[in-house]
Amino acid sequence: MTSVSFAKDTALKDSLKLTDEEIDFLESKDTFYYAIESNYAPIEYIDSEGNPRGFGVEYLKKASEILNVNFIPVEGFKKYTWADCLNALKSGKIDLLSAVTNTEERREYISFTQPYLKANIIVIGNNDNKLILDIDDMEGATFVFPKKYWQNDYVRSTLTDYTLLNTTDTLESLEVINNMKGQYIFLESVVYNYYSHMKDFHNLRIVGELKFEASHCIGVSKDNELLRDILDKVIKNIPKNEVFKNAMMVEHKQENNYFISFISLIMIIIVIIIVFLRKTIIHNNYKRQMKKNRQTLIENLSHDLKTPLSVLKVNTALLKKGILDEKEQKSCLKVLDNSIDSLDSIIEDLYAVAHLKDILIEKKFISINISKFLKDVYNQHKDIFSKQNKRLEYIEDCNHRDARVSMDRNSMYRAISNLLSNALKFTDEFDSTILEYKVESNKVTIIVKDTGKGIDKESLEHVFERFYQGDNQSKALGKGLGLSITKEIVRMHNGRITVKSKKGEYTILKIILPTINKK
């Protein structure tokens, strides 16, 4: 074909505002090859006549008309899996992908256009699954995604305990969950709507929604960034309704699709109502719980303040009487000192709770070397452990001593100090506590592990709740505030905290934080 001379076509150049460099690029090359995910309708798919369809494909058709260049599916594209598509772009066999989600791993070899479609992500589960209000509700679950889908990276970066099952395509993933061999898949609502029409999945239902949108872009190989810039201008200048109207004209294999669509819509509305009602119930329960918490706080404070004050009163009286020898006086003074420390700890925790909102607002994030930071924490706590004949060890990730985290130093120090204080409180003489960190891909895991009393199963579910005290805690001073403060601080850092324990053997607490990308 003959390419248009952009230098002479002033109207087109003005509408797209193409640079001279972009015009020269298009005049030097008039054919570009792309691949598509064949089974992700209506975002991207192959129709019954074997033609590529979808939002990105429609944009490429429009771009072809405007720019007078060819965008052609690569030979054999009908047999391509999504993993094949990504590999073809990596190897240079194709120039672009018509629909791809922007992820950190893919940015290594793909330049992304602005998103042409943003879609809410729903969680699909089988009938045995509970409703999901937060990603943390799916810890320990089995997820089913096609190989190399962005959902795999999302689970790896947000959860610590999970199982990933990879399939060839979306339809197969849904079938696996429908057959009760997996638990969850994340999909755009339009995609799930399409496949629920296509096949009767009697064991599937919508169980929740993720708190973000998936952005679909055209992805161009790194050495074709000029093409990316040109396509960006095309996407910006084409009315979306022109593209979306053609893209949404999908085919269904079943009859009575209007009826099925209506039933599907009703089901989605029912799920939304159920989620809303559940959140309302949770909010009402929260108000009742806060009232109960205030009473619990007063009761706990009465107990916690009474104990050290009684100790102070008794020992002060003994010292006043002058009946103690030198050794007994030293012992008495040590008890007084410990009681004062206990009172100080109570006041400090109460102050932290009272001003926690201010701490969250007035955070000052800076880039911090995690190895040096944790070494400082260790050095400031090791003598405290040693004085009680307990051992504190520090283990660093030797391969990642330069890892950095964006954090508010003071609040994160307090969070980790709380974990170490708990370990100190609930371990016996000569027990060990380990402070450790590990770096994997884009996250760092800070671990505090002790060989102490452990936590029973019932208490384990409540350890991060304010004012809650399990069997171990009831035997020591405290208000059940430390771990709840730690959790709030960790959330402030876009992180998560998990706990694992076995009664009488060990407790492991992990703080998972995102690292700073070296780039």
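That block above? That's the structure.
Scoring rules and cut-offs
Residues numbered from 1 in each chain as written. Predicted model: local features only at pLDDT ≥ 70, side-chain atom pairs only at ≥ 80, totals over all residues. Heavy atoms only, no water. Helix = DSSP H or I, 4+ residues; strand = E, 2+ residues; numbered from the N terminus. Buried < 20%, exposed > 50% of the residue type's maximum accessible area, 1.4 Å probe, protein only. Contact = heavy atoms within 4.5 Å. Phe/Tyr/Trp six-rings, centres within 6.5 Å; stacked < 30°, edge-to-face > 60°. Axes fitted to C-alpha atoms, helices over the stretch in contact; angles between N-to-C directions. Parallel < 35°, antiparallel > 145°, perpendicular 65-115°, else oblique. Left-handed = near helix turned anticlockwise from the far one by under 90°. Nonpolar A, V, L, I, M, F, W, Y, C, P; charged D, E, K, R; others polar. Salt bridge = Lys/Arg side-chain N within 4 Å of Asp/Glu carboxyl O. Pairing = 2+ DSSP bridges. Right-handed = clockwise from strand over helix to strand, strands pointing away.

**Student:** For this particular structure, what's the right way to read the overall build of the protein chain?
**Tutor:** When its secondary structure is counted, the protein chain shows 16 helices and 19 strands. Across the 519 residues in the protein chain, those meeting the buried criterion constitute 46%. By sequence separation, contacts in the protein chain at least 24 residues apart represent 72% of the contacts at least 6 residues apart.

**Student:** Would you take a moment to explain the packing of aromatic side chains for this structure?
**Tutor:** Two measures describe an aromatic ring pair: the distance that separates the ring centres and the angle between the ring planes. Counted by the stated rule, this structure contains 13 aromatic pairs. Ring geometry for F143 against Y184: centres 5.9 Å apart, planes inclined by 40°, an arrangement best described as tilted. Of this pair, F143 sits in strand β9 (residues 142-146) while Y184 sits in strand β11 (residues 184-188); the two residues are 41 residues apart in sequence, bridging distant segments of the chain. Each member of the pair F143 and Y184 is classed as buried.

**Student:** Please clarify how the packing of helix α3 (residues 55-67) against helix α9 (residues 240-247) should be interpreted in this entry.
**Tutor:** Helix packing geometry: the angle between the two helix axes and the distance between the axes. Across the interface, α3 lies against α9 with an axial gap of 9 Å and an inter-helix angle of 125°. With respect to each other, α3 and α9 are oriented oblique. In the crossing of α3 with α9, the sense of the turn from one axis to the other is right-handed. Touching F55, E58, Y59 and K62 of α3 are K240, E242, V243, F244, N246 and A247, all from α9. Split by residue class, the contact of α3 with α9 holds five nonpolar, one polar and four charged.

**Student:** Mind showing me how you'd approach the pattern of salt bridges here?
**Tutor:** The tally for this structure, following the rule as stated, stands at 15 salt bridges. In this structure, E58 and K61 form a salt bridge, with 3.4 Å as the shortest nitrogen-oxygen distance. One end of the pair, E58, and the other, K61, are both in helix α3, three residues apart, so they sit about a helical turn from each other. Its relative accessible area of 39% is what places K61 among the partly exposed residues.

**Student:** Got a minute to help me understand the pairing of strand β10 (residues 163-167) in this structure?
**Tutor:** Consecutive side chains along a regular strand alternate between the two faces of the sheet. Both β9 and β10 contribute to a ladder of five bridges, which runs parallel. Bridging from a neighbouring strand, V144 pairs with L165 of β10. Between the parallel pair β9 and β10, the chain is carried across by helix α5 (residues 150-158), and the sense of this crossover is right-handed.

**Student:** Could you clarify how one ought to interpret the sheet that holds strand β19 (residues 506-514) in this entry?
**Tutor:** The pairing of strands in a sheet comes from backbone hydrogen bonds and takes either a parallel or an antiparallel form. An order of β14-β16-β17-β19-β18 is seen for the five strands of this open sheet, with the pairing classed as mixed. Whereas interior strands pair on both sides, the edge strands pair on one side only; in this sheet they are β14 (391-395) and β18 (496-502). Taken pair by pair, the neighbouring strands of this sheet meet at an average axis angle of 15°, ignoring direction.

**Student:** Quick question: what am I supposed to make of the environment of L96 here?
**Tutor:** Inspection of the secondary structure assignment puts L96 in strand β6 (residues 96-101). With a relative accessible area of 0%, L96 lands in the buried category. Between the alpha carbons of L96 and F112 there is a distance of 9.7 Å; along the sequence they are 16 residues apart. If sequence neighbours within four positions are ignored, L96 has contacts with F32, Y33, Y34, A35, L60, F71, L89, I218, G219, V220, L227 and L231.

**Student:** Teacher, can you tell me more about the environment of I455 here?
**Tutor:** Tracing the sequence through the fold places I455 in the loop between β17 (443-450) and α15 (457-460). Here I455 falls in the buried class, since its relative accessible area comes to 14%. Along the sequence, I455 and E505 sit 50 residues apart, while their C-alpha atoms lie 8.9 Å from each other.

**Student:** How should I be thinking about the packing of helix α13 (residues 370-387) against helix α14 (residues 409-425) in this particular structure?
**Tutor:** Interaxial distance between α13 and α14 falls to 11 Å at its minimum, and their mutual angle equals 35°. When you trace α13 past α14, the crossing you get is right-handed. Taken together, the residues of α14 that come into contact with α13 (itself represented by F373, L374, D376, V377, Q380, H381, I384 and F385) are R409, M412, Y413, I416, S417, L420 and L424.

**Student:** It is not clear to me how the pairing of β19 should be interpreted in this structure. Could you clarify?
**Tutor:** Sheet topology note: the β17/β19 ladder contains eight bridges and is antiparallel. Residue pairing in the sheet places T445 in a bridge with I512 of β19. By the bridge criterion, seven bridges tie β18 to β19 in an arrangement that is antiparallel. What sits directly across from S501, in β19, is T507. From the end of β18 to the start of β19, which pair antiparallel, there are three residues, and G504 there has a positive phi angle of about 80°.

Just distances and angles here, no functional claims.
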